[in-house]
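# Reading the structure
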Amino acid sequence: DLHSFPTRRSSDLSFESRMESILRELTEYASIDFGCYNKVVLLVRTSQKHPLLMEELRYIHDVIKLFPDGVEIRWGMGYDNSLDEKVLLMLVCSC
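Remember, it's a predicted structure, so these values are computed and weren't measured experimentally.

On to the pattern of salt bridges, then. A full pass over the atoms with the stated rule returns five salt bridges. A salt bridge links glutamate 16 to arginine 24; the shortest N-O distance between them is 2.7 Å. Note on glutamate 16: relative accessible area 1%, which makes it buried. Note on arginine 24: relative accessible area 16%, which makes it buried. Between arginine 74 and glutamate 72 there is a salt bridge whose closest N-O contact spans 3.1 Å. When its relative accessible area of 55% is taken as the criterion, arginine 74 is described as exposed. Ionic contacts of the salt-bridge type, sharing partners, join the residues Arg58, Asp62 and Lys65 into one network.

Encoded structure:
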C-alpha cells in the first residue's frame, strides 16, 4: 500500500496508514482540549499524485468526532505537490 508507513509502536515495527498516523498523533500527542472550542476549520492537503482516498475520509470524520456536538465545523481540501505521499491536516480552532 503506497499510503502505509512504518512507524514504531511499543517496541515493534508495524504499519499504519498516513491518516491513522495523523489521528494517533492528534489524540496521543497534541495538547488540544477539544471540548472548549465552538468553531473549527479543518483543511486537508495532499499532492495531486497521491490524493486522499475514499477509505481515508473516515479518518476526517474521526477527527470531527473529537469535538463536541454543536461545534461549527468547516472543512476543505486542497493540493500541495511538495507533500508527495504525505497528508497535511491543518486545524484552526476558536471559541
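Right, let's talk about the nonpolar core for a bit. Counting residues in hydrophobic clusters, the biggest one holds 16 residues, and the most contacted among them are Met19, Leu42, Val44, Ile60, Val63 and Leu89. Residue assignment for this core shows that the elements contributing at least two residues are α1 (18-28), β3 (39-46) and α2 (57-65). Looking at which element gives the most residues to this core, the answer is α1, with four residues. Not counting the four nearest positions on each side in its chain, valine 63 is found in contact with Leu23, Leu26, Leu42, Leu89 and Leu91.

Further remarks concern the environment of valine 87. One can find valine 87 in the loop between β4 (72-79) and β5 (88-94). A relative accessible area of 13% means that valine 87 is categorised as buried. Sequence spacing of valine 87 and serine 21 is 66 residues, and the spatial spacing of their C-alpha atoms is 9.9 Å. Apart from residues no more than four positions distant in its own chain, valine 87 is found in contact with Arg18, Met19, Ile22, Val44, Arg45 and Thr46.

The rules behind the values
- For every chain, the first residue of the written sequence is number 1, and numbering continues from 1 onward in sequence order.
- Per-residue local features of the predicted model are confined to residues with pLDDT of at least 70, and side-chain atom pairs are confined, for both listing and counting, to 80 or more; whole-chain, interface and lining totals are unaffected and use all residues.
- The side-chain figures draw on all heavy atoms in the structure; neither hydrogens nor water molecules are used.
- We count a salt bridge whenever a side-chain nitrogen from Lys or Arg sits within 4 Å of a carboxyl oxygen from Asp or Glu.
- Whether a residue is buried, partly exposed or exposed follows from its accessible area with a 1.4 Å probe, protein chains only, as a fraction of its type maximum: under 20%, in between, or over 50%, in that order.
- Put simply, a nonpolar core is a bunch of buried Ala, Val, Leu, Ile, Met, Phe, Trp, Tyr and Cys residues held in one set by side-chain atoms that sit within 4.5 Å of each other.
- Helix and strand definitions follow DSSP, with helices as H or I runs of at least four residues and strands as E runs of at least two, each counted in order from the N terminus.
- Contacts: residue pairs with any heavy atoms within 4.5 Å of one another.

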